[in-house]
Amino acid sequence: MTDSASPVASIEQAVAEYRRHGFASLGRVFDDVALDRLRTRADDIMLGRVDPSTFFFQHDSESNRYADLSYGQGFIGPSPRYRKLEKLERDPLFLAHIQSPLFEAVARAVVGDHVAIYRATLFNKAADGSSEIPWHQDAGSYWGLDRTPELQIWTALDEVPEQSGCLEFIPDSHLDGLATPLGGAIPADVVAKSSRLETIVQKPAQAGEVFLIHNLVWHRSGNNRSGRSRRAFTVCLLDGATRCLRRKRAPRQFFTVFSPK
Ligand SMILES: O=C(O)CCC(=O)C(=O)O
């Protein structure tokens, strides 16, 4: 089923819809001036015009298949085909985007008084092809947290029509909890057995449109077949009291983005 952008009237309505169905649109929030700044910065980072040591990089696979992705390589030289950039909270422009008054109001309403960042990520699907992202949940023991994160705020930096690999959701699936204790990608046999598959919705987005996404809602996105760049920026927010359970290396400290008032 396809459902075109349908802006909601208020933060309260969007938050209620996100709680009920696992995702909600806040409508087109950012204009082209704001988006151009972020798009240019994203390109500057991928093309090595900004010190790459600041950020985390993952390049897309040659085959445009998720199964063929390489891990742990980081920056491998200037390229418009990085599929993922992380640690963007270290960039002043992306941090200012995260700290916009609208995001603060949503974060305080959903997360609470003290809000930290788990990750601030660009998902890029290059114009000349990109990999898909399989059905997944953004939580579970793989995330190494002492509680389940619940809020991601996703911004379309480009037009995101269906053929560019728009977001797809299984409404209400967050209410079922974790599909596996590990979290992350949902195994194909678990997906195949789901009784909710007939309710999948595709959510094309306008450039500047913002979605609230529950970490537990099943979501995915397809390959980019639009011939145009498809970039989206998403921030995962945490209760500031969240602790990292990782033991192999020093536990992560999460950057506070909104302090208690
Ligand atoms: O933008 C996308 O294609 C995927 C976003 C996503 O899966 C996520 O934020 O977890």
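Structural data are supplied above this passage.
In every chain, residue numbers begin from 1 and rise along the written sequence. In view of the model being predicted, local features appear only for residues whose pLDDT reaches at least 70, and side-chain atom pairs are presented and counted only at 80 or more, with totals across whole chains, interfaces and linings using the full set of residues. The side-chain figures draw on all heavy atoms in the structure; neither hydrogens nor water molecules are used.

## Quick word on the nonpolar core
The set of buried Ala, Val, Leu, Ile, Met, Phe, Trp, Tyr and Cys residues whose side-chain atoms join them within 4.5 Å is what this entry labels a nonpolar core. Only protein chains enter the calculation, and the probe is 1.4 Å; a residue is then buried if its accessible area is under 20% of its type maximum, exposed if over 50%, and partly exposed in between. Judged by nonpolar contacts, the single largest core of 40 residues is most densely connected at Leu-88, Leu-151, Ile-153, Leu-212 and Leu-237. Put simply, DSSP H or I for four residues or longer makes a helix, DSSP E for two residues or longer makes a strand, and each gets a number counted from the N terminus. The element that contributes the greatest number of residues to this core is helix 2 (residues 32-46), accounting for 6 residues. By definition, residues are in contact when any of their heavy atoms lie within 4.5 Å. Ignoring sequence-local partners within four residues, the contact set of Leu-212 consists of Ala-14, Val-15, Tyr-18, Gly-22, Phe-23, Ala-24, Leu-26, Val-106, Leu-151, Gln-152 and Ile-153. Formed by 13 residues, the second largest nonpolar core is a distinct cluster that contains Phe-23, Ala-205, Ile-213 and Val-217.

## Digging into helix 1 (residues 11-21)
By the burial criterion, the buried members of helix 1 are Ala-14, Val-15 and Tyr-18. Taken down its axis, helix 1 places every buried residue within 100° of arc, on the same side. Of the exposed residues in helix 1, the ones pointing more than 90 degrees away from its buried face are Glu-12 and Arg-20. Against strand 1 (23-28), helix 4 (101-110), strand 6 (151-156) and strand 10 (209-213) lie the buried residues of helix 1. Positive backbone phi, at 100°, marks Gly-22, one or two positions downstream of helix 1. For this quantity, the arc is that covered by the directions from the helix axis to the C-beta atoms.

## Some remarks on the site of the ligand
Whether a residue is near a molecule or strand is decided by its heavy atoms; if any one of them lies within 4 Å of it, the residue is near. Close to the ligand lie Arg-119, Phe-123, Lys-125, Ile-133, His-136, Asp-138, Trp-154, Leu-167, His-219, Ser-221, Arg-230 and Thr-234. Polar contacts, as used here, are pairs of N or O atoms within 3.5 Å; protein pairs need one atom able to donate a hydrogen and one able to accept it. Residues neighboring in sequence count only if both atoms are side-chain atoms. In this structure, an oxygen atom belonging to the ligand sits 2.7 Å away from a side-chain N or O atom of Asp-138. The separation between an oxygen atom of the ligand and a polar side-chain atom of His-219 is 3.0 Å. To be clear on the numbers: accessible area is Shrake-Rupley with a 1.4 Å probe, and residue cover counts the displayed protein chains and nothing else. When the free accessible area of the ligand is taken as 290 Å², the share hidden by the protein chains comes to 99%. Elements supplying a minimum of two residues to the shell around the ligand: strand 4 (115-125), strand 5 (133-137), strand 11 (219-221) and strand 12 (230-239). Broken down by element, the shell around the ligand gets its largest block of residues, 3 residues, from strand 4. Residue polarity is assigned by list, with Asp, Glu, Lys and Arg as charged and Ala, Val, Leu, Ile, Met, Phe, Trp, Tyr, Cys and Pro as nonpolar; anything else, Gly included, falls into the polar class. Here the residues of the shell around the ligand sort into 4 nonpolar, 4 polar and 4 charged.

## Details of the sheet that holds strand 8 (residues 184-185)
A pair of strands is treated as paired once DSSP finds two or more bridges between them. Read from one edge of the open sheet, 5 strands run 8-5-11-7-9, paired in antiparallel fashion. Taken across any chain shown, the strands that pair with only one partner, and hence form the sheet edges, are strand 8 and strand 9 (201-203). Direction of pairing for strand 7 (residues 167-169) relative to strand 9: antiparallel, over a ladder of 3 bridges. Note that in strand 9 the partner of Phe-169 across the bridge is Val-201.

## Here we look at the pattern of salt bridges
Side-chain pairs of opposite charge can arise where the charged atoms are in close proximity. Throughout this description, the term salt bridge denotes a Lys or Arg side-chain nitrogen within 4 Å of a carboxyl oxygen of Asp or Glu. Applying the stated criterion across every chain yields a total of 18 salt bridges. In this structure, Arg-49 engages Asp-44 in a salt bridge whose closest nitrogen and oxygen atoms are separated by 2.7 Å. The exposure class assigned to Arg-49 is exposed, which follows from its relative accessible area of 58%. You can call Asp-44 buried: its relative accessible area is 17%. The shortest N-O distance in the salt bridge between Arg-231 and Asp-158 comes to 2.8 Å. Residue Arg-231 is located in strand 12, and its partner Asp-158 is located in the loop between strand 6 and strand 7; the two are separated by 73 residues in the primary sequence.

## Overview of the environment of Ser-259
Relative to the helices and strands, Ser-259 resides in the segment after strand 13 (255-258). With near-sequence residues (within four places) excluded, Ser-259 lies in contact with Arg-108 and Asp-113.

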